[in-house]
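Here is what each chain is made of, one letter per residue.
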Amino acid sequence: MEPTLTFSRDAADARASEPKLRIVDDKTMLRAAADLTRDLSAPRPALYWGDLIASAVVGYGALVAAVLAPSTALMVVAAAVSVLALYRALLFIHEVSHMKHAALPGFRLGWNLIAGIPMMVPSFMYEGVHNLHHAKTRYGTADDPEYLPLALMKPWTLPVFILVSLLAPIGLLIRFAILSPLSWLSPKLRDLVIARYSSLSINPSFRRRIPAGEQRVLFDRLDAAASVWAIGLLAMVATGVIPMRGFLIGLGIGSAVALLNQVRTLVAHLWENEGEQMTVTAQYLDSVNVPPPGLLPALWAPVGLRYHALHHLLPSLPYHALGEAHRRLSEVLEQESPYHKASYRSALGLMHRIGRSTMVRR
């Protein structure tokens, strides 16, 4: 998930004076990815529900513990646990945007009730948006809502890209407690709110299409539910039902979740494409896997997102199957295969690479 930013592509224009060689598709890799994972495509409902519910219980429980903690040290520990658990619960929005809902009946509704609405990120913020990022002709272009050539921009864009995420909880409160109810009074404002302020995107030129039919009904219901919750939350704070201290701790945890997600987003790709259409193999190589034996990626890139490059090869594969898919492909494909070139050791190394790229290309 990525909050909307207002960076410009102009800083990356005309950066590459030398023509780039087009990366052709590696048919062996693509064929192996399809053939070796056919039996892994079915989601496991018990795992989805158990993982989501456990993450939410731990996350909300730790939030309450942080508010009630008798000391600053205990508050910090409880808040850190809450951040990691709620972050994991929230990232199931990525699975919701990809899954066939008939395969997991009720999961989208359950996720919205458990995580999406309470955290003011209902599923429509990603559904109908994230799938465009996976469109073969859109990835890395100006039509991709989740792509900017960050590695080719000015050095200051990276810290701004990361730190602006700290304002996400405030932005979501404004979106759902103020803009949403006002938009119901004006069709013109309603269209503006839907097009510009209803997606988790980083491309400032992206405008989502106005949903229609059943999608519009679902959009409006989720929007109304999140709006009622946001207004109710502020009312409870104003009347003292929720102490200001507890509210601020909650905002801090929300900001930390958004910050962690923004760091993950920064290292999910190499961000080196300047707008050209890319082959599937090129898209894969512009994306990142951080496979085992490292343990930290399981915390900062949970729900299968440590295999982000593999996910771009097999976007419909359930999160719990990506580890096994990676093992199979790693064993079968030769070391010269492009498949192995998308694996990296750590987030710090990736951040250094992207930061160095911005410095070199100034």
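Structure: see above.
Residues numbered from 1 in each chain as written. Predicted model: local features only at pLDDT ≥ 70, side-chain atom pairs only at ≥ 80, totals over all residues. Heavy atoms only, no water.

**Structural notes on the overall build of the protein**
The test is simple: Secondary structure elements follow DSSP: runs of H or I of four or more residues count as helices, runs of E of two or more count as strands, with numbering from the N terminus. Only the C-alpha atoms count toward the radius of gyration. The rule for a globule is 2.2 Å times the residue count to the power 0.38. Under the scheme applied here, a residue whose accessible area is under 20% of the maximum for its type counts as buried, over 50% as exposed, and between as partly exposed, the area being computed with a 1.4 Å probe on protein chains only. In what follows, residue pairs with any heavy atoms lying within 4.5 Å of each other are defined as contacts. Methods summary: accessible areas were calculated by the Shrake-Rupley approach with a probe of 1.4 Å, and residue burial reflects only the protein chains presented. Charge counting treats Lys and Arg as positive and Asp and Glu as negative, with His and both chain ends excluded. Where a charge sits is defined by one atom per residue type, namely NZ (Lys), CZ (Arg), CG (Asp) or CD (Glu).
The helix and strand tally for the protein stands at 16 helices and 0 strands. Its C-alpha radius of gyration of 21 Å places the protein within 12% of the 21 Å reference for a compact globule of 362 residues. Based on the C-alpha atoms only, the size of the protein along its principal axes is roughly 65 × 45 × 40 Å. Across the 362 residues of the protein, 50% fall into the buried class. Summarising the internal contacts of the protein: among those between residues at least 6 apart in sequence, 76% fall at separations of at least 24. Approximately 17,000 Å² of the protein is accessible, and the part contributed by carbon and sulfur atoms is 66%. Within the protein, the 26 negative side-chain charges are centred at a point lying 4 Å from the centre of the 34 positive side-chain charges.

**So, the packing of aromatic side chains**
Keep this limit in mind: Any two of the Phe, Tyr and Trp rings considered here, Trp counted by its six-membered ring, make a pair once their centres fall within 6.5 Å; the pair's planes then place it as stacked at under 30 degrees, edge-to-face at over 60, or tilted in between. The criterion for a charge sitting over a ring is simple: Lys NZ or Arg CZ within 6 Å of the ring centre, and within 35 degrees of the ring normal.
Applying the stated criterion across every chain, the model contains 11 aromatic pairs. Among the aromatic residues, those joined into a cluster by ring pairs are Tyr-48, Trp-49, Phe-92, Phe-107 and Tyr-319. Between Arg-175 and the ring centre of Phe-176, over which it is positioned, the NZ or CZ distance is 4.4 Å. One residue, Arg-190, lies across the ring of Trp-184, its end atom 4.1 Å from the ring centre.

**Here we look at unusual backbone geometry**
In this chain, Pro-292 is followed by Pro-293 through a cis amide linkage whose omega measures 20°. Its location among the elements puts Pro-293 in the loop between α12 (280-285) and α13 (297-300). With a phi close to 55°, Val-303 is a non-glycine residue in the positive phi region. In this fold, Val-303 is placed in the loop between α13 and α14 (308-313).

**Describing the nonpolar core**
Going by this rule: Think of a nonpolar core as a cluster: buried Ala, Val, Leu, Ile, Met, Phe, Trp, Tyr and Cys residues, connected wherever their side-chain atoms sit within 4.5 Å.
Grouped together as the largest cluster of nonpolar side chains are 56 residues, with contacts concentrated most on Phe-92, Phe-107, Trp-111, Phe-176 and Val-257. When contributions to this core are tallied by element, the ones reaching two or more residues are α2 (45-68), α3 (72-90), α4 (92-98), α5 (107-116), α8 (168-183), α10 (213-238), α11 (244-266) and α16 (347-360). Element by element, the count of residues in this core is highest for α3, at 7 residues. Not counting the four nearest positions on each side in its chain, Trp-111 is found in contact with Leu-52, Ala-89, Leu-90, Phe-92, Ile-93, Val-96, Gly-116, Val-121, Pro-122 and Ser-123.

**With respect to the pattern of salt bridges**
We count it as follows: One speaks of a salt bridge when a side-chain nitrogen belonging to Lys or Arg is within 4 Å of a carboxyl oxygen belonging to Asp or Glu.
Per the stated rule, a full pass over the model turns up 12 salt bridges. Linking Arg-216 and Asp-220 is a salt bridge whose minimum nitrogen-to-oxygen distance equals 3.1 Å. With Arg-216 and Asp-220 both in helix α10 and 4 residues apart, this pair spans about one turn of that helix. When its relative accessible area of 18% is taken as the criterion, Asp-220 is described as buried. One salt bridge in this structure joins Arg-353 and Glu-272, with 3.3 Å as the shortest N-O distance. On the criterion of sequence distance, the pair formed by Arg-353 in helix α16 and Glu-272 in the loop between α11 and α12 is long-range, its members being 81 residues apart. For Arg-353, a relative accessible area of 30% puts it in the partly exposed group.

**With respect to the side chain of His-312**
Here His-312 is to be found in helix α14. The class for His-312 is buried, based on a relative accessible area of 9%. Apart from the residues lying within four places of it in its own chain, the contact partners of His-312 are His-133, His-134, Tyr-139, His-269 and Ser-287.

**Topic: α5**
Because the α-helix completes a turn every 3.6 residues, residues three or four places apart line up on one side. Among all positions of α5, only Phe-107, Gly-110, Trp-111, Asn-112, Ala-115 and Gly-116 are buried. Next to the buried residues of α5 lie α2, α3, α4 and α10.

**Remarks on a nonpolar patch on the surface**
Here is the rule we go by: Patches here are clusters of residues that have more than 30% relative accessible area and form no salt bridge, with a 9 Å joining cutoff for like charges and a 5 Å cutoff for nonpolar side chains (Val, Leu, Ile, Met, Phe, Trp, Tyr).
Together, Ile-170, Ile-174, Ile-178, Leu-182 and Leu-185 make up a nonpolar patch on the protein surface, roughly 480 Å² of accessible area in all. Assessed through its relative accessible area of 43%, Leu-182 is described here as partly exposed.

**Section: the side chain of Thr-279**
How we decide: Residues adjacent in sequence count toward polar contacts only when both atoms are side-chain atoms; beyond that, a polar contact is any pair of N or O atoms within 3.5 Å, and within protein one must be able to donate a hydrogen and the other to accept it.
Mapped onto the secondary structure, Thr-279 falls in the loop between α11 and α12. A distance of 2.6 Å separates a polar side-chain atom of Thr-279 from the backbone oxygen of Ile-23.

**Some details on the environment of Leu-310**
Take Leu-310: it is sitting in helix α14. On the accessibility criterion, Leu-310 (0% relative accessible area) is buried. A sequence separation of 23 residues divides Leu-310 from Ser-287, and the C-alpha atoms of the two residues are 8.3 Å apart. Ignoring anything within four residues of it in the chain, the contact list for Leu-310 reads Tyr-284, Asn-289, Leu-322, Ala-325, His-326, Leu-329 and Tyr-339.

**Some points on the environment of Ile-253**
Here Ile-253 lies in helix α11. Along the chain, Ile-253 and Ile-117 lie 136 residues apart, while their C-alpha atoms are 16 Å from each other.

**Describing the environment of Val-67**
Note on placement: Val-67 falls in helix α2. When near neighbours in sequence (up to four residues on either side) are disregarded, Val-67 contacts Arg-245, Gly-246 and Ile-249.

**What to know about the packing of α3 against α11**
Rules: As a rule, the C-alpha atoms of each element are fitted with a line to give its axis, helices using only the stretch in contact, and angles between N-to-C directions run from 0 to 180 degrees. In what follows, roughly perpendicular refers to angles from 65 to 115 degrees, roughly parallel to angles under 35, roughly antiparallel to angles over 145, and oblique to any angle outside these ranges. Handedness of each helix crossing follows the sense of rotation of the near helix against the far helix: counterclockwise by less than a right angle gives left-handed, clockwise gives right-handed. Any residue outside Ala, Val, Leu, Ile, Met, Phe, Trp, Tyr, Cys, Pro, Asp, Glu, Lys and Arg is labelled polar, Gly included; the first ten of those are nonpolar and the last four are charged.
The N-to-C vectors of α3 and α11 enclose an angle of 55°; their axes lie 9 Å apart at closest approach. The orientation of α3 with respect to α11, classified from their angle, is oblique. Relative to α11, the crossing made by α3 is right-handed. Residue-level contacts link Met-75, Ala-79, Ser-82, Val-83, Leu-84, Leu-86, Tyr-87 and Leu-90 of α3 to Arg-245, Ile-249, Ile-253, Ala-256, Val-257, Leu-260, Asn-261 and Arg-264 of α11. Of the residues that constitute the contact of α3 with α11, the class distribution is 12 nonpolar, 2 polar and 2 charged.

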